[in-house]
Amino acid sequence: MTETIKIKKGLDIPLDGAAERHIVDARTIERYAVKPPDVVGFMPRLLVAEGDTVTAGQPLVADKHDPRLTLPSPVSGTVEAIVRGEKRKLMEVVVVGERLKVKGETTQVSPLTSHLSPQSPVWWMLKERPFGTIANPDHQPKGIYISLRDTNPLAPDLEFALQGREHEFEAGVKALEAFAPVHCVRAEGPHPAGNIGTIVAALDPINKGECVWTVNAQDVANIGRWCLTGEYRPERVVAVGGPAAKAPHYYRLLCGACLQRICDTQLIDTSYPSLASPTILTSPIRIISGSVLSGTQITANGFLGMYDQQVCLIEEGDQYDFMGWLMPGLKKYSFSYTFLSGMLRPFKALEPMMPIKPTYSFNTNVHGSVRPFLFTGSFERVFPFDIYPLQLIKACIVGDVELQEKLGIYEVEPEDFALCEFIDPSKTEIQTIIREALEVLRKEATA
Amino acid sequence: MNMKWLEDWFEKIEPKGKWSWLGSTYEAFHTFAFTPKTVTKSGSHIRDAVDMKRSIIIVVIALMPALLFGMWNIGYQHYMSVGTLSTFSFPLFTCFWFGFLRMLPLIVVSYAVGLFIEFAFAQVRHHEVNEGFLATGLLIPMIVPVTTPLWQLALAVAFAVIIGKEVFGGSGMNFLNPALVARAVLFFAYPTHMSGDKVWIAADLWGSDAIAGATPMGDLAAGMRPSASALDMLIGTIPGSTCETSFIAIALGAILLLMTGIASWRIMLSVFLGGGAMGLLFNLLYTINFPLSTYLELTFYYHFLMGGFAFGAVFMATDPVTAAQTNTGKWIYGLLIGAFAVLLRVCNPAYPEGMMLSILFMNCMAPLIDHCVVARNIKMRERRAVK
């Protein structure tokens, strides 16, 4: 059953480079990676070694605390590399797929296992709030929430992405209904209306001791496919765009796909007409897996994040700006009205008549130095929760766990504060502050 | 504009080694010239163009109409009282130049003392220099009498910056509005220089005796009806603190502050609502012949035009650090400031100006107001969890 909610507070950032509505099939990409760091609270234990042959859906890593929770290989092939980071932290397990099998039509159907359970390869797609971990099978969620609209800047249109997979989606919902009531919610309004946190807070906020499960709409279809056919093929229609993308459009990928080929096309290939960014790029490009507001930076030969459904290419802004704080700022975007571009915003209807028009160029520059919180009242305009954002952030900074609980920390995730962080004139790393506070609470809760 | 040479110069002179203790000072000047080239490392990859410098400079720009008018008015009041100028001939530039020369030392002293202390504290703490004082340092000379001795001003600024702000950790951590702390210090330490009818009009630079000229509030405190008309007060051609006399000039600043969203419209509006309500209440008491003072018959909106009410409402009460921080709290905070200011004016003739004390008092109360507002949210959450 689809529910609708309306949100008023928020902000749609006018970022260039929205994906055009045509899908390019890129399921023939060979290299894939499973990235345990993308999964909050997951302590990976390796189940394979380099050179092993794996099949699609075979677990590559399992959680040390709960061996039922695993991250499976998206394709059949051989384990090419096990990438470790600082302190030997497991970063990626890279699998090279066999071309034929990648297309996926030949995988055998096994209806016996097609009953959704924690052992199913698709279980990791279920996330749990608070904390955003993989759904704990021992918990009883009070609901399972699915957002039917992604409102992040340049996010894919989920309805378009799911075209032709409606029956799989329905099968997925049916499988989830065995665990808790499922709410498919279509949110109207500016970002963060489509964020799952906003939706849960609007319908039935999480209290201490409660939890809800959430699933990406595309993963519901993946779960449905697995239930219908027993085939594990974690497909994502991914919107590739951003101000630095040459030809933003959709790609059909498997989760964890290597993005090198796509980035090469988007950044170097000049046979595409330059659609999004007519300006000449002077800085290197940052590749972000996920939303530009809360995604992860990856290298040009990096992999799509476990839960991501968009890729954003944006210019690095590592340049000085002479007297940036004093200039009229016709090209600067600000949610406040402190720049000329903002002051002209209310007169958008008159824009054709203006001799000079505001055009925004976004890059990754911070546009200022870090300061204490001075100004108040703007967070509330982009934060559609019944929570006092500034007070909660301050409680997180000082590490007052009790106060955090009272102020509603369990209702939020770092991504819910992404817009606050974006508009903050004090340039505070708000998402990091919230993430660290949640991390402390999660460890306390599981200990 | 190609400023590569300046970028290079700054990179060349960056203090290293035995000079690295000068980091904060270098950083302050460097970020003054260039918005840094820092890129985002975590969280949101893009950021809003607004920063603290931009926000503070908007406040400074918003102060300009009041400052320029104040300079002119200093000259105008002077020439009017020494009698070399009739009401209908006031050479714009002569008046302005006179006022400019009287204002400049006040501004220079305020900025020099305040910024020196700010830099020193930042340097010792290895912090970056905060922009907040750019507004505070201009606000202080704008709310004192033009005849304030420079050494007193310097003392007050130093007190305000150190005790009012830095001991709490600097901008953003203080709970009293530093500009008003400076004025309060002057007011209580040197009352003869801050009130009465001898301080509001500047004498000639060299010598001549102080000139008497009562402010409308002085008249009222003395039990008389004010000699200035409402129009005079609206335009601001009355004696008073340097830059707070003109309602219109202040309103121009208020428009910029509200348009840019730098000041809270909730606070500004509610201060006027609170003051107006209190004024109306006193008008009501007048109709039943309540024996209190001449103030009772003063039509309520005169309070907005007189003294520092408008200036306080627009530039002081809205200081986001010392105001209430929740939206509901801002309404309560503003209403009470307005109400207390009028109450003090009418009921306590010892202090002709109630605005300063009212705002400082509510600065102290703001955390309590916020606490109550947030407590309601906490209660709601607790009730929901029990349900």
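Small disclaimer: the values here were computed from a predicted structure and weren't measured.

Per the secondary structure count, chain A includes 11 helices and 20 strands. Against the compact-globule benchmark of 22 Å for 447 residues, chain A has a radius of gyration of 22 Å, which places it among compact chains. In terms of its C-alpha atoms, chain A occupies a principal-axis envelope of roughly 65 × 55 × 45 Å. Per-residue burial over chain A gives 53% buried out of 447 residues.

Time to look at the overall build of chain B. Check the secondary structure of chain B and you find 16 helices and one strand. Relative to the globule expectation of 21 Å for 387 residues, the C-alpha radius of gyration of chain B, 23 Å, shows essentially globular dimensions. Overall size of chain B, expressed as C-alpha extent along the three principal axes, is 70 × 70 × 40 Å. A total of 387 residues make up chain B; the buried ones form 51% of that total.

As a further point, take the interface of chain A and chain B. Facing the 64 residues of chain A at the interface are 50 residues of chain B. The greatest single-element share of the side of chain A that touches chain B, amounting to four residues, is contributed by helix α10 (residues 418-423) of chain A. Of the residues contributing to the side of chain A that touches chain B, the split by class is 29 nonpolar, 22 polar and 13 charged.

With that settled, consider the domain arrangement of chain B. The figure often quoted for interface size is the accessible area lost as the parts come together. All names here are of chain B. Partitioning chain B into domains gives domain 1 (20-33 + 51-262) and domain 2 (265-387). Placing a centre on the C-alpha atoms of domain 1 and another on those of domain 2 gives a separation of 23 Å. Between domain 1 and domain 2, the contact holds 35 residues from the first and 30 residues from the second. Those elements giving two or more residues to the side of domain 1 that touches domain 2 turn out to be α3 (52-82), α7 (178-189), α9 (216-221), α10 (230-235) and α11 (247-260). Of all the elements, α11 adds the most residues to the side of domain 1 that touches domain 2, at six residues. Looking at side-chain class alone, the side of domain 1 that touches domain 2 contains 21 nonpolar, 11 polar and three charged residues.

All names here are of chain A. With respect to topology, four strands assemble into an open sheet ordered β3-β9-β8-β5, the strand pairing being antiparallel. Because the sheet does not close on itself, it has two edges, and the strands there are β3 (31-34) and β5 (53-54). Summarising the sheet, β5 and strand β8 (residues 77-84) pair through two bridges and their orientation is antiparallel. Along β8, the bridge assignment pairs Val54 with Gly77.

All names here are of chain B. Within the fold, Leu280 resides in helix α12 (residues 265-287). Residue classification places Leu280 among the partly exposed residues on the basis of 14 C-beta atoms within 10 Å. The spacing of Leu280 and Leu252 is 28 residues in sequence and 26 Å in space, taken between C-alpha atoms.

Residues and elements named next belong to chain A. Within strand β14 (residues 212-216), five of the five residues are buried, which leaves it mostly tucked inside the rest of the structure. Sheet analysis places strand β10 (residues 127-129) next to β14, joined by three bridges and oriented antiparallel. Looking at the pairing, Glu128 lines up with Trp213 of β14. Sheet analysis places strand β12 (residues 144-147) next to β14, joined by four bridges and oriented parallel. Counterpart to Tyr145 in the pairing with β14 is Thr214.

Moving on to unusual backbone geometry. Residues and elements named next belong to chain A. In this structure, the amide linkage connecting Arg129 to the following residue, Pro130, adopts the cis form with an omega of 0°. Here Pro130 shows up in the loop between β10 and β11 (133-134). A cis amide bond links His191 with the next residue in sequence, Pro192, at an omega value of 10°. As for its position among the elements, Pro192 is in the loop between β13 (182-188) and α4 (196-203). Its identity as a non-glycine residue notwithstanding, Arg88 has a phi of 55°, on the positive side. Mapped onto the elements of the fold, Arg88 is located in the loop between β8 and β9 (90-97). Positive phi outside glycine occurs at His367, with the angle close to 60°. Mapping His367 onto the fold places it in the loop between α7 (340-344) and α8 (389-398).

In any sheet, the strands associate via hydrogen bonds between backbone groups, in a parallel or an antiparallel arrangement. All names here are of chain A. Taken together, three strands build an open sheet; the order of strands is β4-β6-β7 and the sheet is antiparallel. Every other strand in the sheet has two partners, leaving β4 (44-46) and β7 (70-72) as the edge strands with one partner each. Ignoring which end each strand starts from, the neighbouring axes of this sheet average 30° apart. Sheet analysis places β4 next to strand β6 (residues 59-63), joined by three bridges and oriented antiparallel. Looking across to β6, one finds that Arg45 is bridged to Ala62.

Let us look at the domain arrangement of chain A. All names here are of chain A. One can read the domain layout of chain A as domain 1 (2-229), domain 2 (241-315), domain 3 (320-362) and domain 4 (368-446). Contacts between the two partners involve 31 residues from domain 1 and, on the opposite side, 29 residues from domain 2. Those elements that place two or more of their residues in the side of domain 1 that touches domain 2 are β2 (20-25) and β3. When residues of the side of domain 1 that touches domain 2 are assigned to their parent elements, the largest contribution, five residues, is made by β2. In terms of residue class, the side of domain 1 that touches domain 2 is built from 17 nonpolar, five polar and nine charged.

Residues and elements named next belong to chain B. Within the secondary structure, Glu353 is located in the loop between α15 (327-347) and α16 (355-386). Separated by 114 residues in sequence, Glu353 and Pro239 place their C-alpha atoms 14 Å apart. Among residues more than four places away in sequence, those in contact with Glu353 are Met217, Gly307 and Gly308.

Thresholds, definitions, all that
Every chain is numbered independently, its residues counted from 1 as its sequence is written. The lettering of chains begins at A and the numbering of ligands begins at 1, in the order of writing. In view of the model being predicted, local features appear only for residues whose pLDDT reaches at least 70, and side-chain atom pairs are presented and counted only at 80 or more, with totals across whole chains, interfaces and linings using the full set of residues. Each helix is a run of H or I in the DSSP string that is no shorter than four residues. Each strand is a run of E no shorter than two, and both are numbered from the N terminus. Two things to know: the radius of gyration comes from C-alpha atoms, and the globule rule equals 2.2 Å times the number of residues to the power 0.38. Three exposure classes are used, all based on how many other C-beta atoms lie within 10 Å of a residue's own C-beta (placed from the backbone): buried at 20 or more, exposed at 12 or fewer, and partly exposed between those limits. Throughout, a residue-residue contact means that the two C-beta atoms, derived from backbone geometry, are no farther apart than 7 Å. Nonpolar residues are Ala, Val, Leu, Ile, Met, Phe, Trp, Tyr, Cys and Pro. Charged residues are Asp, Glu, Lys and Arg, and all others, Gly as well, are polar. Just so you know, the domain bounds were taken from an automatic or database domain assignment. When DSSP finds two or more bridges between two strands, those strands count as paired. In this description, a line fitted to the C-alpha atoms serves as the axis of each element, helices being fitted only across the stretch in contact, and the angle between N-to-C directions of two axes falls anywhere from 0 to 180 degrees.

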